[in-house]
Structures are given as structure tokens and as C-alpha cells.
Amino acid sequence: MTFLRIRKLAFVAAGISILSSCVIPDDTSSIAKVDPTTAAARKEMVGLSEADVRMCAGFPTATADAGASGQIWTYQRTVQRGNLSIAVPTMAVGAIPAVGGSVNVAPGGYCNTQIRMVGGHVAEVAYAGDNNLPNSVDALCVSTVDACVAYARQRNHKATAVSR
């Protein structure tokens, strides 16, 4: 290999190393948009009965008595997202003693969907956990509530059709 090729390879490796050090911050809520399905669930699931929620989301992972505030049902979901790992081998070339690094994209996460039941009906839906994607807030919670949003829309559509 000629000196120019080695130097060019060193610059490419250095560039890859610098790019691999760019990290997406854990809290992207200031730049990410709220997932439309989870946002819809906060509104459209209100009023569903306990039986309705069991039909569309299944049985809760845990429940807690909240006294006068009703009962809180928790649905826990661990999401194994696709993972991309790129490892750049370490190389020593001339003035640059060692150049290398790695990139890891989309590690796993989890979502706890909390549903407050008051008088046997949904009063509130909230989300907690490592549930954001780089460009979407609460996106890992979609799998818990998407069927309930569709269920609520179908129920409201039938109610509107009957009242006409």
C-alpha cells in the first residue's frame, strides 16, 4: 500500500469514529412528536368499561387500589427493537495511534401503560418507562393501546349510527 492510500484509509476510519460518537440523547421529548395512536388512546379510551378494556388489551399485568381515585391497571410491555451494530476495527497508522469505534442503534425499551378505572370505566390513560423512539414520544406503548383505540372508534361509530 502506498503512503497516500494508508493516509486516506486513516482519514476514513477517523471519520467513522467521529460519526460513531454521535449519540441520540435519552430524553428526546423536546424535539420528538407524540405518537398519534397513544395520544388518541388518552382521549378515546375514556369511558370504556372494564370488560371493554379486557377485550381489547387483555388482562392487566398488575392492578393497584387507588382509594377514592379508583383502581389503576398496569400493562407492562418489554419491546425488543431491531438492533444494528457496526464495529470498526482498531488500526494504528502513522500519527494516529488507534482509530476505531462502534455504532449501536435502537436498543430495547419498555412501556408501562396505566389505566385509571373509576366506577368500572376508564377515566385516564398514562404512560411510563423507556418508551420513546428518537422521533416519537410514547411510541413503544402503541402495541398496548392500538386495539383499544380501534375498539373505541368502532363502538363510537356504532353508537352514532344507532342514534341517527
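Above this note sits the structure.
Predicted model, so just to flag it, every value in this text is computed and none were measured. (Residues numbered from 1 in each chain as written. Predicted model: local features only at pLDDT ≥ 70, side-chain atom pairs only at ≥ 80, totals over all residues. Heavy atoms only, no water.)

A. Main features of the nonpolar core. Counting 20 residues, the largest nonpolar core has Met45, Val53, Ile115, Val122 and Tyr127 as its most contacted members. Mapped onto this core, the elements with two or more residues apiece are α2 (36-44), α3 (50-57), β3 (71-79), β6 (109-118), β7 (121-128) and α4 (142-163). It is α4 that contributes the most residues to this core, four residues altogether. Once residues lying within four places of it in the same chain are set aside, the contact partners of Ile115 are Met45, Val53, Gln71, Ile72, Trp73, Tyr75, Val122, Glu124 and Val125. (Core = buried A, V, L, I, M, F, W, Y, C linked by side-chain atoms within 4.5 Å. Buried < 20%, exposed > 50% of the residue type's maximum accessible area, 1.4 Å probe, protein only. Helix = DSSP H or I, 4+ residues; strand = E, 2+ residues; numbered from the N terminus. Contact = heavy atoms within 4.5 Å.)

B. Quick peek at the pattern of salt bridges. Enumeration over the complete set of coordinates arrives at five salt bridges. Arg155 is the partner of Asp52 in a salt bridge, and the nearest nitrogen-oxygen pair spans 3.2 Å. Of this pair, Asp52 sits in helix α3 while Arg155 is found in helix α4, placing the two residues 103 residues apart along the sequence. A relative accessible area of 34% places Arg155 in the partly exposed class. A salt bridge links Arg116 to Glu124; the shortest N-O distance between them is 3.0 Å. Assessed through its relative accessible area of 25%, Arg116 is described here as partly exposed. Since its relative accessible area comes to 38%, Glu124 is described here as partly exposed. (Salt bridge = Lys/Arg side-chain N within 4 Å of Asp/Glu carboxyl O.)

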